[in-house]
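Inside the fold
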Amino acid sequence: MPELHAIVIHCRDPYLLAPFWSLVTGLPVAAEDEAKLADRTLAPGEPVLLRDPHHRHRPGVWIAPADDLPGPGRIHLDLVGDAEERAAVLEAGATVVRELPRWTVFADPEGNEFCLLPHRT
């Protein structure tokens, strides 16, 4: 079977979504992209890579600008976290879309939905 190489999140504004998804996933912005984000010097269409520098074999997350985007729903991630991580997601700019019995559906700053499930016990 094919192996997962990367996750790509298309967006309108990588300066907004790269820091958001970095915080939410715990994946730092790749060193080569940090200064470009800070200086706002990304080339048109240039993506930003989020990856764990200690585990380069794990898939990275690319925050990639796209000119023509459909509405929210371009991606959907299911994440696992506790109450503290939930608070951090909200502080980062997520909004609650709906509360379900076993998880919460959030939206990122551009409206893409994702879920936060509790840790399994």
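The present account deals with the structure reproduced in this document. Predicted model, so just to flag it, every value in this text is computed and none were measured.

This next bit is on the sheet that holds strand β4 (residues 78-80). The strands that make up a sheet are held in pairs by hydrogen bonds between backbone atoms, and each pair lies either parallel or antiparallel. Pairing is mixed across the open sheet formed by four strands, whose spatial order is β4-β7-β6-β5. Taken across any chain shown, the strands that pair with only one partner, and hence form the sheet edges, are β4 and β5 (95-99). Between one strand axis and the next, the sheet turns by 30° as a mean value, whatever way the strands run. Bridging between β4 and strand β7 (residues 113-117) involves three bridges; their strand directions are parallel. Each residue of the ladder has a partner; that of Val-80, found in β7, is Leu-117.

Glancing now at the packing of helix α1 (residues 14-25) against helix α3 (residues 83-92). Running from N to C, α1 and α3 cross one another at 175°; their axes reach a closest spacing of 9 Å. For the element pair α1 / α3, the angle class is roughly antiparallel. In this structure, α1 uses Phe-20, Leu-23 and Val-24 to contact α3, whose residues at the interface are Ala-88, Val-89 and Ala-92. Here the residues of the contact of α1 with α3 sort into six nonpolar, no polar and no charged.

Procedures and definitions
- Residues numbered from 1 in each chain as written.
- Predicted model: local features only at pLDDT ≥ 70, side-chain atom pairs only at ≥ 80, totals over all residues.
- Heavy atoms only, no water.
- Pairing = 2+ DSSP bridges.
- Helix = DSSP H or I, 4+ residues; strand = E, 2+ residues; numbered from the N terminus.
- Axes fitted to C-alpha atoms, helices over the stretch in contact; angles between N-to-C directions.
- Parallel < 35°, antiparallel > 145°, perpendicular 65-115°, else oblique.
- Contact = heavy atoms within 4.5 Å.
- Nonpolar A, V, L, I, M, F, W, Y, C, P; charged D, E, K, R; others polar.

Any functional reading would require information beyond the geometric quantities listed.
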